[in-house]
Amino acid sequence: MALLAGRTVLLRAGVRLGAEAATRGGNGARRFASHRVLVEPDAAAGIATIKLKNPPVNSLSLEFLTELIICLEKLENDKTFRGIILTSDCPGIFSAGLDLREMCGKNPAHYAEYWRAVQEIWLKLYLSNMVLVAAINGASPAGGCLMALTCDYRVLADNPRYRIGLNETLLGIIAPFWFKDNLVNTIGHRAADRALQLGLLFPPTEALQVGMVDQVVPEDQIHSTALSVMSQWLAIPDHARQLTKSMMRKATADHLIKQREADIQNFVSFISKDSIQKSLQVYLEKLKQKKH
Ligand SMILES: CC/C=C\C/C=C\CCC/C=C/CC(=O)SCCNC(=O)CCNC(=O)[C@H](O)C(C)(C)COP(=O)(O)OP(=O)(O)OC[C@H]1O[C@@H](n2cnc3c(N)ncnc32)[C@H](O)[C@@H]1OP(=O)(O)O
């Protein structure tokens, strides 16, 4: 069982906590990994590296999100860790964002369950007491970008194929208000207005210019850079940094928390529309045909 949104929910079949590997790392720290979320602990440094491993593109399926939520809960409750580096185990892809198959051809109850999990992961990441550094080692569209935007610092590997942004309009869908709020808080209103309307995916140089990421580094330096950024952030006393983080983020998170059920209903009715289903199916089909 896992705690989702203050309520206890049964994990869906296939997401079995019992399937985790729990071993001890070299430094004695407990290492735990689910199927798709690898955690590499460095207890001495107080840092855990989370590697997303849902090949081929780390799309955020309900099962993957559930595993990630459980993993974050565990780390948040483990006093050993003060910082998380969020990165990908899938070469060239940070995350392709929400899994389009969860939003196509399913029933309203499924859409509602899925959207609650999307809200939950965002709240968990955005309000985390730990320092979160995104080591973005691949393409990061839409929900992938959103995950990175929840972090306290973003390092992007310098590869023109690694584009990042909220491209929802290109799919004929709309970034929800809390995606928008997170982006506005990061790059400012004017740049967010343009980026959201045009569904812009920024290559590294432009992403840095617009403030979508904080640093662009050669690919082979991404982890060492994330570690050095982390040590700078961890040098700040936790209580002062955490209260400041909360002061900066609480209003944005509360905006969603207060409207959570209404946001789910909005999503379900929007995504259930025939026209939206058609757009998503066409988009998925285009992705599949790209290779042929
Ligand atoms: C009133 C308003 C109220 C509420 C709100 C309303 C609306 C809700 C808004 C919902 C928000 C959604 C945010 C999202 O995250 S939507 C997802 C957007 N993601 C994308 O656009 C990325 C699409 N993917 C790509 O661009 C490329 O795949 C990528 C650059 C990531 C990788 O390219 P690469 O060439 O390496 O791989 P591909 O051959 O393209 O893909 C491999 C297989 O993976 C499948 N795939 C890719 N992305 C997804 C995905 N997001 N979901 C599911 N499946 C995905 C792809 O089809 C290939 O499959 P196969 O052909 O191998 O079967």
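Per an unreviewed UniProt entry, the protein carries the name Enoyl-CoA delta isomerase 1, mitochondrial and comes from Chinchilla lanigera. The UniProt entry for the protein carries this comment under Subcellular location (unreviewed entry): "Mitochondrion matrix". Among the UniProt annotations of the protein, the heading Sequence similarities (unreviewed entry) holds the following wording: "Belongs to the enoyl-CoA hydratase/isomerase family."

Participant: Would you explain the sheet that holds strand S12 (residues 164-165) in this entry?
Facilitator: Pairing between sheet strands relies on hydrogen bonds along the backbone, with the strands arranged either parallel or antiparallel. The strand order across the open sheet formed by three strands is S8-S10-S12, and the pairing between neighbours is parallel. The sheet is open, and its two edges are formed by strand S8 (92-93) and S12, each paired on a single side. In terms of strand pairing, S8 meets strand S10 (residues 138-141) through two bridges, oriented parallel. Among the inter-strand pairings, Ile93 is bridged to a residue of S10, identified as Ala139.

Participant: Explanation requested: the nonpolar core in the structure shown.
Facilitator: Generally speaking, nonpolar side chains in soluble globular proteins are found buried as a group. Among the nonpolar cores identified, the biggest contains 79 residues, and Val133, Ile136, Val155 and Ile164 are the most heavily contacted of them. Beyond its immediate chain neighbours, meaning those up to four positions away, Ile164 contacts Ile136, Ser140, Cys145, Ala148, Leu156, Leu201, Phe202, Ala207, Met212 and Val213.

Participant: How should the packing of helix H1 (residues 62-77) against helix H2 (residues 108-126) be read in this particular structure?
Facilitator: Viewed as axis vectors pointing N to C, H1 and H2 meet at an angle of 30°, and their least axial separation amounts to 10 Å. With respect to H2, the element H1 is oriented roughly parallel. The chirality of how H1 crosses H2 is left-handed. Across the interface between the two elements, Leu62, Leu65, Thr66, Leu68, Ile69 and Leu72 of H1 pack against Glu113, Tyr114, Ala117, Val118, Glu120, Ile121, Lys124 and Leu125 of H2. In the contact of H1 with H2, the residues fall into 10 nonpolar, one polar and three charged.

Participant: So what exactly am I meant to see when it comes to helix H4 (residues 177-187) here?
Facilitator: Working note: α-helix, 3.6 residues per turn, so residues spaced by three or four point in the same direction. Of the residues making up H4, those classed as buried are Trp178, Phe179, Asn182, Leu183, Thr186 and Ile187. Buried residues along H4 cover an arc of 155° about the axis, so they all sit on one side. Tucked inside the fold, the buried residues of H4 contact H2, helix H3 (143-149), helix H5 (189-198), helix H6 (204-210) and helix H8 (238-258). Where H4 ends, the next residue or the one after it, Gly188, has phi of about 90°, a positive value.

Participant: Explanation requested: the pairing of strand S7 (residues 83-88) in the structure shown.
Facilitator: Side chains on a regular strand alternate between the two faces of the sheet. Most of S7 is tucked away: six of the six residues are buried. Bridge count for strand S6 (residues 47-52) against S7 is six bridges, and the pairing is parallel. Of the residues in S7, the one forming a bridge with Ile50 is Leu86. Once the chain exits S6 it traverses H1 before rejoining the sheet at S7, and the crossover so formed is right-handed. As defined by bridge partners, S7 adjoins strand S9 (residues 131-136) across four bridges and the pair is classed as parallel. For Ile84, the partnering residue across the bridge sits in S9 and is Leu132.

Participant: Can you walk me through the site of the ligand in this structure?
Facilitator: In the region of the ligand, 29 residues are neighbours, and Ala96, Gly97, Leu98, Ala142 and Gly143 sit closest. Of all the secondary structure elements, the ones that give two or more residues to the shell around the ligand are S10, helix H9 (260-272) and helix H10 (274-289). A total of four residues in the shell around the ligand trace back to one element, the largest contributor, which is H9. Its residues assigned to classes, the shell around the ligand comprises 18 nonpolar, five polar and six charged.

Participant: Before we go on, may I ask you to explain the environment of Trp233 in this structure?
Facilitator: Inspection of the secondary structure assignment puts Trp233 in helix H7 (residues 222-234). Taking the C-alpha atoms as reference, Trp233 lies 35 Å from Thr169; in sequence the two are 64 residues apart. Each residue touching Trp233, except ones within four places of it in the same chain, is listed here: Gly83, Val131, Asp152 and Tyr153.

Participant: Teacher, can you tell me more about unusual backbone geometry here?
Facilitator: Leave glycine aside and you will find that most residues have negative phi; peptide bonds, for their part, are mostly trans. Omega for the bond connecting Pro55 with Pro56 falls within 30 degrees of zero, at 5°, which places this linkage in the cis form. One non-glycine residue, Asn58, lies in positive phi territory at about 55°. Inspection of the secondary structure puts Asn58 in the loop between S6 and H1. Note on Asn58: 27 C-beta atoms within 10 Å, which makes it buried. Its identity is not glycine, yet Ala142 carries a phi of approximately 50°, on the positive side.

Participant: Sorry, what's going on with the environment of Leu123 here?
Facilitator: Its place among the elements puts Leu123 in helix H2. As for Leu123 and Asn54, which are separated by 69 residues in sequence, their C-alpha atoms are 21 Å apart. Excluding residues within four positions of it along the chain, Leu123 makes contact with Ala253 and Leu256.

Rules of the game
- Residues numbered from 1 in each chain as written.
- Predicted model: local features only at pLDDT ≥ 70, side-chain atom pairs only at ≥ 80, totals over all residues.
- UniProt positions renumbered as here; feature names shortened; annotations may be inferred.
- Pairing = 2+ DSSP bridges.
- Helix = DSSP H or I, 4+ residues; strand = E, 2+ residues; numbered from the N terminus.
- Core = buried A, V, L, I, M, F, W, Y, C linked by C-beta atoms within 7 Å.
- Buried ≥ 20, exposed ≤ 12 C-beta atoms within 10 Å, placed from the backbone.
- Contact = placed C-beta atoms within 7 Å.
- Axes fitted to C-alpha atoms, helices over the stretch in contact; angles between N-to-C directions.
- Parallel < 35°, antiparallel > 145°, perpendicular 65-115°, else oblique.
- Left-handed = near helix turned anticlockwise from the far one by under 90°.
- Nonpolar A, V, L, I, M, F, W, Y, C, P; charged D, E, K, R; others polar.
- Arc of directions from axis to C-beta.
- Right-handed = clockwise from strand over helix to strand, strands pointing away.
- Near = placed C-beta within 6 Å.

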